[in-house]
Amino acid sequence: MSSLAASDQRTIATPAKVIQPAWVRVVHWINAVAMILMIMSGWQIYNASPLFDFKFSSSITLGGWLGGALLWHFAAMWLLMVNGLVYLALGLATGRFRKKLLPITSAGVISDTKAALTGKLSHADLSTYNYVQRLLYAGIIVVGILIVLSGLGIWKPVQLQYLTALFGGYEAARYVHFFCMAAIVAFLVVHVALALLVPKSLRAMIIGR
Ligand code: HEM
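The following paragraphs examine the structure supplied in this document.

Let's talk about the site of the ligand
Then step 1. Near the ligand, the surroundings consist of 21 residues, among which His28, Tyr87, Tyr129, Gln133 and His191 are the closest.
Then step 2. Here a nitrogen atom of the ligand sits 2.7 Å away from a polar atom, N or O, in the side chain of His28.
Then step 3. For the ligand, a nitrogen atom lies 2.5 Å from a polar atom in the side chain of His191.
Then step 4. Contributions of two or more residues to the shell around the ligand are made by helix 2 (22-48), helix 6 (131-155), helix 8 (170-197) and helix 9 (199-207).
Then step 5. The leading source of residues in the shell around the ligand is helix 8, at six residues.
Then step 6. Its residues assigned to classes, the shell around the ligand shows 14 nonpolar, six polar and one charged.

Quick word on the nonpolar core
Then step 1. The biggest cluster of nonpolar side chains holds 30 residues, and the ones touching the most others in it are Phe56, Leu101, Phe178, Met181 and Ile184.
Then step 2. Of all the secondary structure elements, the ones that give two or more residues to this core are helix 2, helix 3 (66-93), helix 4 (96-101), helix 6 and helix 8.
Then step 3. Take this core: its biggest share by element is seven residues, from helix 6.
Then step 4. Aside from chain neighbours lying at most four places away, what touches Leu101 is Arg96, Tyr129, Arg134, Tyr137 and Ile141.

Topic: the environment of Phe52
Then step 1. In this structure, Phe52 sits in the loop between helix 2 and helix 3.
Then step 2. Phe52 sits 121 residues away from Ala173 along the chain, and the two C-alpha atoms are 15 Å apart.
Then step 3. Not counting residues within four places of it along the chain, the set of residues in contact with Phe52 comprises Tyr46, Tyr175, Phe178 and Phe179.

Observations regarding the coordination of the iron atom of the ligand
Then step 1. Only His28 (NE2) and His191 (NE2) from the protein reach the iron atom of the ligand as donors, at distances of 1.9 to 2.0 Å.
Then step 2. Taken together, the six donor atoms surrounding the iron atom of the ligand define angles of 81 to 179 degrees at the centre, an arrangement classified as octahedral. One end of the pair, His28, is in helix 2; the other, His191, is in helix 8, with 163 residues separating them in the sequence.
Then step 3. Residue classification places His28 among the partly exposed residues on the basis of a relative accessible area of 22%.
Then step 4. Given a relative accessible area of 21%, His191 falls into the partly exposed group.

Concerning the packing of aromatic side chains
Then step 1. In this structure the tally under the stated criterion is 17 aromatic pairs.
Then step 2. Geometrically, the ring pair formed by Phe52 and Tyr175 is edge-to-face, given 5.8 Å between the ring centres and 80 degrees between the ring planes. In this pair, Phe52 is assigned in the loop between helix 2 and helix 3 and Tyr175 in helix 8, connecting sequence segments 123 residues apart.
Then step 3. Here the aromatic residues Trp43, Tyr46, Phe52, Phe54, Phe56, Tyr175, Phe178 and Phe179 are joined through ring pairs into a cluster of three or more.
Then step 4. In this structure, Arg134 is placed above the aromatic ring of Tyr131, and the distance from its NZ or CZ to the ring centre is 4.5 Å.
Then step 5. The ring centre of Trp155 lies 4.7 Å from the NZ or CZ of Lys156, which sits over that ring.

Thresholds, definitions, all that
- Numbering of residues starts from 1 in every chain and runs along the sequence as written.
- A pLDDT threshold of at least 70 governs which residues receive local features in this predicted model, and a stricter bar of 80 or more applies before side-chain atom pairs are shown or counted, although totals over entire chains, interfaces and linings include all residues.
- Side-chain calculation: all heavy atoms of the structure are included, whereas hydrogens and water are not.
- One heavy atom suffices: a residue is near a molecule or strand as soon as one of its heavy atoms comes within 4 Å of it.
- Think of a polar contact as two N or O atoms within 3.5 Å of one another; within protein, one of them needs to be a possible hydrogen donor and the other a possible acceptor, and neighboring residues in sequence only count if both atoms come from side chains.
- Put simply, DSSP H or I for four residues or longer makes a helix, DSSP E for two residues or longer makes a strand, and each gets a number counted from the N terminus.
- Side-chain classes follow a simple rule in which Ala, Val, Leu, Ile, Met, Phe, Trp, Tyr, Cys and Pro form the nonpolar group, Asp, Glu, Lys and Arg form the charged group, and the remainder, Gly included, forms the polar group.
- Throughout this description, the term nonpolar core refers to a set of buried Ala, Val, Leu, Ile, Met, Phe, Trp, Tyr and Cys residues connected via side-chain atoms within 4.5 Å.
- For every residue, the accessible area (1.4 Å probe, protein chains only) is compared with the maximum for its type, and the residue is labelled buried under 20%, exposed over 50%, or partly exposed between those bounds.
- When checking whether two residues touch, look at their non-hydrogen atoms; a contact exists if any pair is within 4.5 Å.
- Here the coordinating atoms are restricted to nitrogen, oxygen and sulfur within 2.8 Å of the metal centre, or 3.2 Å for Na, K and Ca, and because water is not among them the sites may look incomplete.
- Each label reflects the angles at the metal, where four donors whose angles all fall between 85 and 135 degrees are tetrahedral, four or six donors whose opposite pairs open beyond 155 degrees and whose other angles stay between 65 and 115 are square planar or octahedral respectively, and the rest are irregular.
- For Phe, Tyr and Trp, rings pair up if their centres lie within 6.5 Å, where Trp contributes its six-membered ring, and each pair is then called stacked (planes under 30 degrees apart), edge-to-face (over 60) or tilted (otherwise).
- To sit over a ring, a charge needs its Lys NZ or Arg CZ within 6 Å of the ring centre and within 35 degrees of the ring normal.

Quick look at the structure:
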């Protein structure tokens, strides 16, 4: 040890801090795959009976036809639900949600939004989420819960009729499900762009440090 230079000794003594623990990284990437499968197969299902005056191009849908898309959607649904429940359980049990996502104050969100728009938002400390991140992450978790519940309401409107009724009936649940998808796609566009703009955050979500 004594033959090492002082800087080498420091490197050994203080390994890089873990920013994203392994369980967060595993559930995050499983969620990303499941979400993409759900979105692309969902677009194909939508095309069979569109709610609006447009269809999704078949180049960005999954399943080939309604039957194939439903198989993909119901298979990926289990992955998304089980993985989501693991994330919620561990997020609550480890105190991660409380530590990382709370508090969310309107003053904090306003000042961090201003800082972000003027290029003054610091990305130096990745272990603390700024207020805009907290709001977006907490918001997308709520949207994730809503899209699963409205999906269950559309899937089993007889057996789960109280759930379907909670969304205002079958037709209304379809609209809720669609707008949750739109919110997730909008989140993803911004989220992936920011991850690429701050590559060390992407690195931390892959290798933890
Ligand atoms: C393939 C696309 C994706 C990429 C490249 C990506 C990248 C990242 C990165 C780099 C972080 C850490 C960023 C930071 O320090 O703020 C993160 C966190 C997060 N991402 Fe993603 N992500 C993707 C997909 C998704 C999807 C589909 C969702 C949900 C709809 C999602 C939800 C979240 C949440 C909630 C967090 C915070 C997790 C926590 O701290 O507990 N991500 N993502």
